[in-house]
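The lines below spell out each chain.
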Amino acid sequence: METILSLCGIRKQFDGVEVLKGIDLDVRKGEFLTFLGPSGCGKTTTLRIIAGLEAPDTGRVLLNGADVTDLPPNKRNVNTIFQNYALFPHMNVAANIAYPLKLQHRKKPDIQACVADLLDLVQLSGFGGRRPDELSGGQRQRVAIARALAAGGDVLLLDEPLGALDLQLRRQMQRELKALQKRLGRTFLYITHDQEEAINMSDRIAVLHEGRLEQLGTPQEIYDRPKTRFVAGFIGQANLFSAEEAGAFEDGVVRLALDGGVGEALAHDGAHELHACEQVSFCVRSEHIKISETPVPGFSIAATVRDYSYLGGMLRIVLALSDGREILCANRPDGSVLSAGGRVWVFWDPKNAVFLDRPDGAPEIPRKGARA
Ligand code: ATP
């Protein structure tokens, strides 16, 4: 697929602190790509560097193959929508949307037709004469989107554009924005710290953590195959384990001796080449944790039911392992009777245990005997 934007080795310091530590990323034409990460991980700084509002210390920004790193914002074919919509309060909706078209010296009938089309697109036909303060938050945000679309550009940058909206409106706008992006076939670069929003809207997600691109992939890849401890913990509910490889089981499945002496378990080694006595980290999503009243072949993890609650058709069970550590299990109720303090055995399908790497691709826990 065609690449529209590339970030090559982007680094940035503020006051001697490196907040972007070498970001490399190719954005595909027409995709909805989301930067996801906790507050302060460098999302906005990355977007500002793409927009030309901030200069990287090192690294290049390529747009359609051309180096735009040293170009000012108005010379780059990108547009930004911020969380505070920044509409002109004294202009009505139509004038707000027409503003960038006037800057492009378009003819009046052309501008009028274009504004009408955009109002239709964001479902605000009939609202052209209203001032921004006569609109709801969601309507104002749609005007901001229409205005950014009027400004054109190869890539639309959206910095938490739905952050100020209440949850219901936010969900509705997520659907509208995604549908609009698909209809227009434009490239959207979106910022959020909300994992659900990222999963719902994106073609691909770039997970940022402390100035590094931790993982890039489709929502399903990020959820099902997190590469690092951070990604596993940030998206969905994951139980993290450390273990030592204790030998082969069968059909690519390995036996693992879990740290803390909490028992043995099985995992499919997948693409990993594990070696006996190697230290590994892996995660099992809470919905993949299963419990049984009797031990299951290959597993010997005894646990105590610490707490359980029903959450809309799901049973959320907190289990305590023998070393006191808690793990979380989310399952559909199967009719079996649970009691707090009850003893159970924990197991999972070996293919649902996902081995984790450090960001540099090395095993999360160094091999036994290796120097740190
Ligand atoms: P949030 O979700 O809270 O907006 P973010 O992931 O967008 O966070 P950035 O705004 O990119 O994070 O900030 C990354 C780091 O850089 C933070 O520690 C922030 O304090 C720092 N930072 C950003 N801009 C500046 C600046 N102009 N001067 C000094 N430090 C800055």
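See above for the structure.
The following refers to the structure shown.

Analysis parameters
- Residues numbered from 1 in each chain as written.
- Predicted model: local features only at pLDDT ≥ 70, side-chain atom pairs only at ≥ 80, totals over all residues.
- Heavy atoms only, no water.
- Buried < 20%, exposed > 50% of the residue type's maximum accessible area, 1.4 Å probe, protein only.
- Helix = DSSP H or I, 4+ residues; strand = E, 2+ residues; numbered from the N terminus.
- Contact = heavy atoms within 4.5 Å.
- Polar contact = N/O pair within 3.5 Å; in protein donor to acceptor, adjacent residues only side chain to side chain.
- Axes fitted to C-alpha atoms, helices over the stretch in contact; angles between N-to-C directions.
- Parallel < 35°, antiparallel > 145°, perpendicular 65-115°, else oblique.
- Left-handed = near helix turned anticlockwise from the far one by under 90°.
- Nonpolar A, V, L, I, M, F, W, Y, C, P; charged D, E, K, R; others polar.
- Core = buried A, V, L, I, M, F, W, Y, C linked by side-chain atoms within 4.5 Å.

## Topic: helix α2 (residues 93–103)
Part 1: Turning to α2, its buried residues number three or more, namely Val-93, Asn-96, Ile-97, Ala-98, Pro-100 and Leu-101.
Part 2: Where α2 is buried, its residues contact α3 (108–121) and α4 (137–150).
Part 3: Two to three positions downstream of the cap, the backbone nitrogen of Ala-94 sits 3.2 Å from a side-chain oxygen, assigning the N-cap of α2 to Asn-92.
Part 4: Phi turns positive, to about 55°, at His-105, one or two residues after α2.

## A short note on the packing of α2 against α4
Part 1: Taken N-terminus to C-terminus, the directions of α2 and α4 make an angle of 25°; their axes are 7 Å apart at the nearest point. When the axes of α2 and α4 are compared, the pair comes out roughly parallel. The two elements α2 and α4 cross, and the hand of that crossing is right-handed. Residues Val-93, Asn-96, Ile-97, Pro-100 and Leu-101 of α2 form the contact with α4, whose own contacting residues are Val-143, Ala-146, Arg-147 and Ala-150.
Part 2: Of the residues that constitute the contact of α2 with α4, the class distribution is seven nonpolar, one polar and one charged.

## A look at the nonpolar core
Part 1: Counting 34 residues, the largest nonpolar core has Ile-97 and Leu-118 as its most contacted members.
Part 2: For Leu-118, the contacting residues outside a window of four places in its chain are Ile-97, Ala-146, Leu-149 and Ala-150.

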